[in-house]
Amino acid sequence: MSDRIDPKTNPNPTMEYFQRDTEYIKSIEKGFLNHIKSKKIITYDDQMQVFFNPEPSDPKMNEFTKELKVAFDKNTERNYFDSVDKKYSELPLNIYQSAIHDGNYVGSDIWEFFKNKVKDYCIKNDKRNILFILTDGYMYHDNTKFAEENKTSYLTTKLIKTNSLTTSNFKDIIEKNKFGFVKANDNLNNLEVIVLGINPEKGNPFEEAVIKEYWENWFKEMKIKNYQIKSADLPSNLEPIILKAIAGK
């Protein structure tokens, strides 16, 4: 996790970002359970889990994430729904509060996750696969910081300024100079991706659009056809979008 969730570093009087994240996760769980309830029991074969990358060093956090791995099949008992609901109501908040209390924000290595883990962890060939990413849109991790020509494995406010992406013609500049993320994988066409929480730093009116352009181009290059990139809006505004996405409408 990055310091974007820190209420001291990045306060938001309307609703703190860690609270928004936990509500987004709750909405995802709600959409998942709605999807299962819409099926016949005999066809249950669904699972949901939470990943951190890199893995947290705190064993307690890893226990929490194990608890959040849930699966349904035709033998699942009805009361399992309530236990999943309880876990997703309590554990994400515990995880975020533990991270804030710890104060060691190492960031998340999204690029490396797409390079080395996404196919194994998130894609089953005969299933519908949806990956939700909670991020402010700035991709950065010390372990995976490199460039190939004008493409990078990271995106920061500083890089956006250095690349002169601060005017209305930023798309032309990106295209002309071939700016963007280094491609991390190929043929992810059996993966749907929904990015939640884009939160640009103030000062550049085009910052959010630049961030979204980087992510969109990256997804297209990896052959991800079905994706959405949403800002760090209030959970009440994003929940209908999340539910609709999971329902496949």
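In this report, the structure presented in the accompanying data block is examined. Computed from a predicted model, the values in this text were never measured in an experiment. (Residues numbered from 1 in each chain as written. Predicted model: local features only at pLDDT ≥ 70, side-chain atom pairs only at ≥ 80, totals over all residues. Heavy atoms only, no water.)

A closer look at the packing of helix 7 (residues 170-177) against helix 8 (residues 207-221)
- Interaxial distance between helix 7 and helix 8 falls to 10 Å at its minimum, and their mutual angle equals 40 degrees. It follows that helix 7 is oblique to helix 8 by the angle criterion. Note that helix 7 runs across helix 8; the crossing there is right-handed. Residues Phe170, Lys171 and Ile174 of helix 7 lie in contact with helix 8, whose contacting residues are Ala209, Val210, Glu213, Tyr214 and Asn217.
- For the contact of helix 7 with helix 8, the class distribution of residues is 5 nonpolar, 1 polar and 2 charged. (Axes fitted to C-alpha atoms, helices over the stretch in contact; angles between N-to-C directions. Helix = DSSP H or I, 4+ residues; strand = E, 2+ residues; numbered from the N terminus. Parallel < 35°, antiparallel > 145°, perpendicular 65-115°, else oblique. Left-handed = near helix turned anticlockwise from the far one by under 90°. Contact = heavy atoms within 4.5 Å. Nonpolar A, V, L, I, M, F, W, Y, C, P; charged D, E, K, R; others polar.)

Remarks on the pattern of salt bridges
- In total, this model carries 16 salt bridges according to the counting rule given.
- For Glu112, the salt bridge identified is with Lys117, shortest N-O distance 3.6 Å.
- Judged by its relative accessible area of 19%, Glu112 falls in the buried class.
- Here the residues in one salt-bridge network are Lys26, Glu29 and Asp85, joined through shared partners. (Salt bridge = Lys/Arg side-chain N within 4 Å of Asp/Glu carboxyl O. Buried < 20%, exposed > 50% of the residue type's maximum accessible area, 1.4 Å probe, protein only.)

Quick look at the packing of aromatic side chains
- Tallied over the entire structure, the rule returns 20 aromatic pairs.
- Residues Tyr44 and Phe81 carry aromatic rings whose centres are separated by 6.5 Å and whose planes lie at 70 degrees to one another, so their mutual orientation is edge-to-face. Residue Tyr44 is found in the loop between helix 1 (17-37) and strand 1 (45-48), and its partner Phe81 is found in helix 3 (residues 80-102); the two are separated by 37 residues along the sequence. With respect to class, Tyr44 is no different from Phe81; both count as buried.
- Both rings, one in Phe219 and one in Tyr227, keep their centres 5.6 Å apart while their planes meet at 50 degrees; by these two values the pair is tilted.
- In this structure Phe219 comes out as buried when scored by relative accessible area, which is 0%.
- One Lys or Arg, Lys145, reaches over the ring of Tyr154 and ends 4.9 Å from the middle of that ring. (Phe/Tyr/Trp six-rings, centres within 6.5 Å; stacked < 30°, edge-to-face > 60°. Lys NZ or Arg CZ within 6 Å of the ring centre and 35° of its normal.)

Note that every value here comes from positions in space, so none of it alone points to a role or purpose.
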